[in-house]
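The residues making up each chain are set out below.
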Amino acid sequence: MVSGYLASPMLGVVGLAAYLVDYGAQDIVPGPSQVPTGSIRPLNVELLASYAGTLGKALSLGVNYTLVQLRVACSGDCTGFTLANGTTQAVDVGLQYGRGAPTGLRVGAAVRHAGFDLQLANASQADPLPTTLAVGATYGIRLHTPPGAQPATARVQLDSENPCCDRLRPDLRMGGELAYGEAIRLRAGYAFLRGRPSGPSVGAGLRFGRAIIDFARVFFSSGNFDEPVYLSLRVIL
């Protein structure tokens, strides 16, 4: 993945990104015990253009435009093998309303992956995009700290996500965060996901100058999956 973004205090943020997934080469074999005559290589290519900005002092807007192509490249003798290529387009649109301070109420809504079906062979087998509608809210308060100490805040968050143009079957997530200045953050949450493992999660964040370390642990309710641990290190240039 390659991406670049440009920010302007007056105009907002614009960006471009390119994403490529190579699923690897697969041999074309005419029959049992025969040598390969060629190979195919499925590729997933995405191009993304983004914009984000503010409308007034309390309203924020974000838009993504995505061009998606699934292609199957072939080399050698591809006789008898049907190549399938499909291209589609999608947009994401989101709005947030609320003051920029860490305290107070902030609400948002977004439509994700709205676009045309991905067609590889014919219209009857075209795959619809996973269009979803999401809404959420966060509320923060400032906690009492001794004179001269860093400001401390507490936030609670709630969001819901539902497949667009479908019956109401939302995923629900709720969580909270305690922050001491920019140095320490403690997080906890719970996810209620339809038809998928659900359960609690915990996390923490530490900042040392320009370096940021984030840790998260998700506790799945299903014993079919390992309990994942996430650890990331970011450096602000």
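Residues numbered from 1 in each chain as written. Predicted model: local features only at pLDDT ≥ 70, side-chain atom pairs only at ≥ 80, totals over all residues. Heavy atoms only, no water.

Visitor: Whenever I open this one, the overall build of the chain confuses me. Can you help?
Guide: Along the chain, the regular secondary structure elements total 0 helices and 14 strands. Taken over the C-alpha trace, the chain has a radius of gyration of 23 Å; the compact-globule value for 237 residues is 18 Å, which it surpasses by more than 25%. The principal-axis extent of the C-alpha atoms belonging to the chain is close to 80 × 45 × 45 Å. Classification of the 237 residues of the chain by burial places 23% in the buried group. Intrachain contacts of the chain at a sequence separation of at least 6 include 36% that bridge at least 24 residues. Per element, the accessible surface of the chain, about 15900 Å² overall, is 63% carbon and sulfur. Charge centroids of the chain, computed over 19 positive and 16 negative side chains, lie 13 Å from each other. (Helix = DSSP H or I, 4+ residues; strand = E, 2+ residues; numbered from the N terminus. Rg over C-alpha atoms; globule rule 2.2 N^0.38 Å. Buried < 20%, exposed > 50% of the residue type's maximum accessible area, 1.4 Å probe, protein only. Contact = heavy atoms within 4.5 Å. Areas by Shrake-Rupley, 256 points an atom, 1.4 Å probe, with all protein chains shown as cover. Lys, Arg positive; Asp, Glu negative; His and termini not counted. Charge placed at Lys NZ, Arg CZ, Asp CG, Glu CD.)

Visitor: Looking at this structure, how should I read the side chain of glutamate 177?
Guide: Examined against the element boundaries, glutamate 177 turns out to sit in strand β10 (residues 171–180). Overall, the relative accessible area of 8% leaves glutamate 177 in the buried class. Looking at glutamate 177, its side chain comes within polar contact range of the side chain of arginine 187, at 2.9 Å. Here glutamate 177 is in contact with Thr153, Ala154, Arg155, Arg185, Leu186 and Arg187, once residues within four sequence places are set aside. (Polar contact = N/O pair within 3.5 Å; in protein donor to acceptor, adjacent residues only side chain to side chain.)

Visitor: In this structure, what is going on with the pairing of strand β2 (residues 12–22)? I would like to understand it.
Guide: As a general feature of sheets, a regular strand has side chains that alternate between the two faces. As paired strands, strand β1 (residues 2–8) and β2 are joined by 7 bridges and run antiparallel to one another. In the sheet register, tyrosine 5 faces β2, and the bridge partner there is glycine 15. Summarising the sheet, β2 and strand β4 (residues 38–55) pair through 10 bridges and their orientation is antiparallel. Looking across to β4, one finds that leucine 20 is bridged to valine 45. (Pairing = 2+ DSSP bridges.)

Visitor: Could you clarify how one ought to interpret the pattern of salt bridges in this entry?
Guide: Scanning the entire structure with this criterion turns up 10 salt bridges. With a closest N to O distance of 3.0 Å, glutamate 177 and arginine 155 form a salt bridge. Taken together, the positions of glutamate 177 in strand β10 and arginine 155 in strand β9 (residues 152–163) put the pair 22 residues apart, joining distant regions of the chain. Across the salt bridge formed by arginine 185 and glutamate 182, the nearest N and O atoms sit 3.4 Å from each other. Glutamate 182 sits in the exposed class, given a relative accessible area of 51%. Overlapping salt bridges bring together Arg155, Glu177, Glu182, Arg185, Arg187, Asp214 and Arg234 as one network. (Salt bridge = Lys/Arg side-chain N within 4 Å of Asp/Glu carboxyl O.)

Visitor: What is the right way to look at the packing of aromatic side chains in this model?
Guide: Any two aromatic rings considered together are summarised by their centre-to-centre distance and by the angle between their planes. Enumeration over the complete set of coordinates arrives at 1 aromatic pair. On the numbers, 4.7 Å between centres and 45 degrees between planes, the contact of tyrosine 190 with phenylalanine 192 is tilted. Looking at tyrosine 190, the relative accessible area reads 34%, which means it is partly exposed. (Phe/Tyr/Trp six-rings, centres within 6.5 Å; stacked < 30°, edge-to-face > 60°.)

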